[in-house]
Every structure is written in structure tokens, then in C-alpha cells.
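This is what each chain is made of:
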Amino acid sequence: MSTSPSESRRQKAARRAGEFPAAPEPLAVPVFDSHTHLDITIQEAGVPGGPGADPVEALITAAAKAGVDRIVQVGVDEPSSRWGAELAARHPSVLAAVALHPNDAPLLPDLDESLRVIEGLAASPRVRGIGETGMDTFRTGPEGREAQEKSFRAHIAIAKRHGKALIIHDRDAHQDVLRILDSEGAPDTVVMHCFSGDAEFAAECVRRGFYLSFAGTVTFASAGSLREAAVLTPPSQIMVETDAPYLTPVPHRGRPNASYLIPLTVRALAETRGDDLDELCAAISANGDRVFGPWS
Ligand SMILES: [Zn+2]
Ligand SMILES: [Zn+2]
């Protein structure tokens, strides 16, 4: 059978999947990664540092060397939430967020029981966020929307009961997210993870006091409206994240992402906003300590 061009592109992407990009120049003033999935990165992309290295330590050490000295490990289901809570309990550089992902919630055999597990984990002192939760009309069709919304409402309530930050996944669902937050009453601290709106939606989130966390997407050539959103976000409400292993910043799109690549995203943000890089890093760090900290 002959190989079509699209197949060969896929094969090429698969071959490159395990190749982590070279480390960028480290940041002088450290920042934190507000949203990463160490467990998925290890499963899907392997380990920087090669065989024999402890995968979690290798990722955390590589990040620290790049000036990313704190990490928020984000859960998407029961096992990953438990894993993150346990890692945070023993690792001074890691805090955890726990949740059922909005695309997983409609598929769970017993949503109520899974929510009880998340509520149990939420009580851990080093679990500082409830997320990622929210709405996703891109990957979940109308048949899953009711369970997705029920799960989001339950996570909002958990965040409020435990006084933890709510970390929102919003994919093609800006107005649904605001409608549900308004009807439940938003928790004191809300982080819009991988902010994906335009300037108008950013202004709405800023007005509500939400934090806007920008991922590698802000470096993409096509992301003009996202950069407009970044420009109008006040320094006191801005964060940066990888969402690793996804959303690898330019110039490494197609390769795996990890926290040590944050400097590429922060530098792009500083340039877009006309900020002094060190001042932006200091502002991001202060926001992280206020929302999630202290780490140790
Ligand atoms: Zn997400
Ligand atoms: Zn995520």
C-alpha cells in the first residue's frame, strides 16, 4: 500500500513526539507554571534526561533550571487528582489542583461518586485549586452538556466550601461559563486557564476580578486577538502556564511541551505587552503566591 502525504506527516509527528526541545535561556526572575500535567507529559512524551532518570524529578529540575521554580499540577480525573495531591504532599515545588475534566464528566459511570472523591481530595492542605473544570462545547456534544454543567456547578461548590481557587477550562463556551458562574456565585478566586477569549471577553473577566492564565497559544502567529487580550490584562491578574504536554510555544510547535519551556511564553507576553521581562515575571510570581501559595 502506498503512503499518502498525510500519513507520512502523521508518522513524522509520531517520531518526533518523544523529542523534547532544547532548553531556552533561563529567566532571571523566577515564575511558576499555573497549569501543567506532569503525569500526562510522562505518559505521552517520555522523560527529558533520558532513560534511568526519575521522570517527575527530571521535569521539575529542568523547569527550575529555566527559572520556573514552582508548579501547579492539575488533575483531570480521580486517579490523576489523587496522584497530584500525593505528589504535592511530598514535593516542596509542587501544589495540586483536583477535578474531573469537563470532557470526562459526561462519560463517568457514577458522576456523584467521583465528585465525592474530588471533594475528599480538596481538603488536603497542598491541594490549592479545584480544576480543571468548566465547559467545553468543542469536544463534548449536546448529549453530554447536562452532565458537564452539573459537574461544573458541583466543582464551583467544592471550591467555595474549601476556600480554594477555581481553575476553569473554557473551550468555545465563554458565555456558558459566565452564566453558570453567575447563577452559582463565583468563588473568591477564579483562574481562566489557557485563556482563549478576545479583548472583549478578557475585559469582562478582568472586571470580575478573575486571573487570566496565558499558554503557548499566545505565541502562535494566528493569535492576534489573544495577544490583544493579554495586552489589556493588568499585571495583578496575569499568569502563565504550559498545559503540558499540549500547546507547545513557538518555535517548537509539534514537539512535547513541559514547564521548562515557559520562558518562551513569558518572553512573548512581555514583548507583546511592552513590559520589562523581570517586572512581568515578578508580577506573575506574586499572583501565584497570592492565589496558590505558599509552596513551602
Ligand atoms: Zn483545559
Ligand atoms: Zn489542562
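Residues numbered from 1 in each chain as written. Chains lettered and ligands numbered in written order. Predicted model: local features only at pLDDT ≥ 70, side-chain atom pairs only at ≥ 80, totals over all residues. Heavy atoms only, no water.

The protein chain is annotated in an unreviewed UniProt entry as TatD DNase family protein from Paractinoplanes atraurantiacus.

> Mind laying out the sheet that holds strand β4 (residues 127-136), listing which residues take part and the relevant values?
If you walk across this open sheet you meet the 8 strands as β1-β2-β3-β4-β5-β6-β7-β8, and the pairing is parallel. Single-partner strands in this sheet number two, and they are β1 (31-36) and β8 (238-240). Strand-to-strand twist across the sheet, computed as the mean angle between neighbouring axes with direction ignored, equals 25°. Taken together, the 4 bridges between strand β5 (residues 165-171) and strand β6 (residues 190-193) define a ladder with parallel strand orientation. Within the sheet, the bridge partner assigned to Ile167 lies in β6 and is Val191. Packing against the sheet, helix α4 (residues 78-90) makes contact with β2 (68-74), β3 (94-98) and β4, and its axis sits at approximately 155° to β3. (Pairing = 2+ DSSP bridges. Helix = DSSP H or I, 4+ residues; strand = E, 2+ residues; numbered from the N terminus. Axes fitted to C-alpha atoms, helices over the stretch in contact; angles between N-to-C directions. Contact = heavy atoms within 4.5 Å.)

> Describe the environment of Ser259, with residues and values.
As for its position among the elements, Ser259 is in the loop between β8 and α10 (262-273). Taking the C-alpha atoms as reference points, Ser259 and Leu59, 200 residues apart in sequence, are found 7.4 Å from one another. For Ser259, the contacting residues outside a window of four places in its chain are Asp33, Thr36, Ala63, Val68, Ile71 and Thr242. Within the local environment of Ser259, its side chain forms a polar contact with the side chain of Asp33, the two groups lying 2.7 Å apart. (Polar contact = N/O pair within 3.5 Å; in protein donor to acceptor, adjacent residues only side chain to side chain.)

> For the UniProt feature "binding site: a divalent metal cation 1" (unreviewed entry) in the protein chain, give the residues involved together with the corresponding values.
As annotated by UniProt and renumbered to match this structure, "binding site: a divalent metal cation 1" (unreviewed entry) occupies His35, His37, Glu132 and Asp243. Taking the farthest pair of C-alpha atoms as the criterion, the annotated set spanning 209 residues converges on one region, since that pair is 10.7 Å apart. Following the sequence through the fold, His37 ends up in the loop between β1 and α2 (38-45). Aside from chain neighbours lying at most four places away, what touches His37 is Gln73, Val74, Val76, Glu132, Asp243, Ala244 and Pro245. By the element assignment, Glu132 lies in strand β4. A residue is classified by how much of its surface remains accessible, and Glu132, at 2% relative accessible area, is buried. For Glu132, the side chain forms a polar contact with the side chain of His101, separated by 3.2 Å. (UniProt positions renumbered as here; feature names shortened; annotations may be inferred. Buried < 20%, exposed > 50% of the residue type's maximum accessible area, 1.4 Å probe, protein only.)

> Give a detailed account of the coordination of the zinc ion (ligand 1), specifying residues and quantitative values.
In this structure, Glu132 (OE), His169 (ND1) and His193 (NE2) serve as the protein donors to the zinc ion (ligand 1), at separations of 2.0 to 2.1 Å. Sequence positions of the donors to the zinc ion (ligand 1) reduce to the motif E-x36-H-x23-H. In this structure, the zinc ion (ligand 1) is positioned 3.6 Å from the zinc ion (ligand 2), and both are ligated by Glu132. Residue His169 is found in strand β5, and its partner His193 is found in strand β6; the two are separated by 24 residues along the sequence. The same class applies to His169 as to His193, namely buried. (Donors = N, O, S within 2.8 Å, 3.2 Å for Na, K, Ca; no water.)

> With reference to specific residues and values, describe the UniProt feature "binding site: a divalent metal cation 2" (unreviewed entry) in the protein chain.
In this structure's numbering, the residues bearing the UniProt feature "binding site: a divalent metal cation 2" (unreviewed entry) are His169 and His193. Taken along the chain, the residues just named run across 25 residues; in space they keep tight, none of their C-alpha pairs more than 5.8 Å apart. By relative accessible area, His169 is classed as buried at 11%. When neighbours within four sequence positions are excluded, His193 is seen to be in contact with His35, Glu132, Ile167, Ile168, His169, Ser213, Glu241 and Asp243. A polar side-chain atom of His193 sits 3.1 Å from a polar atom in the side chain of Glu132.

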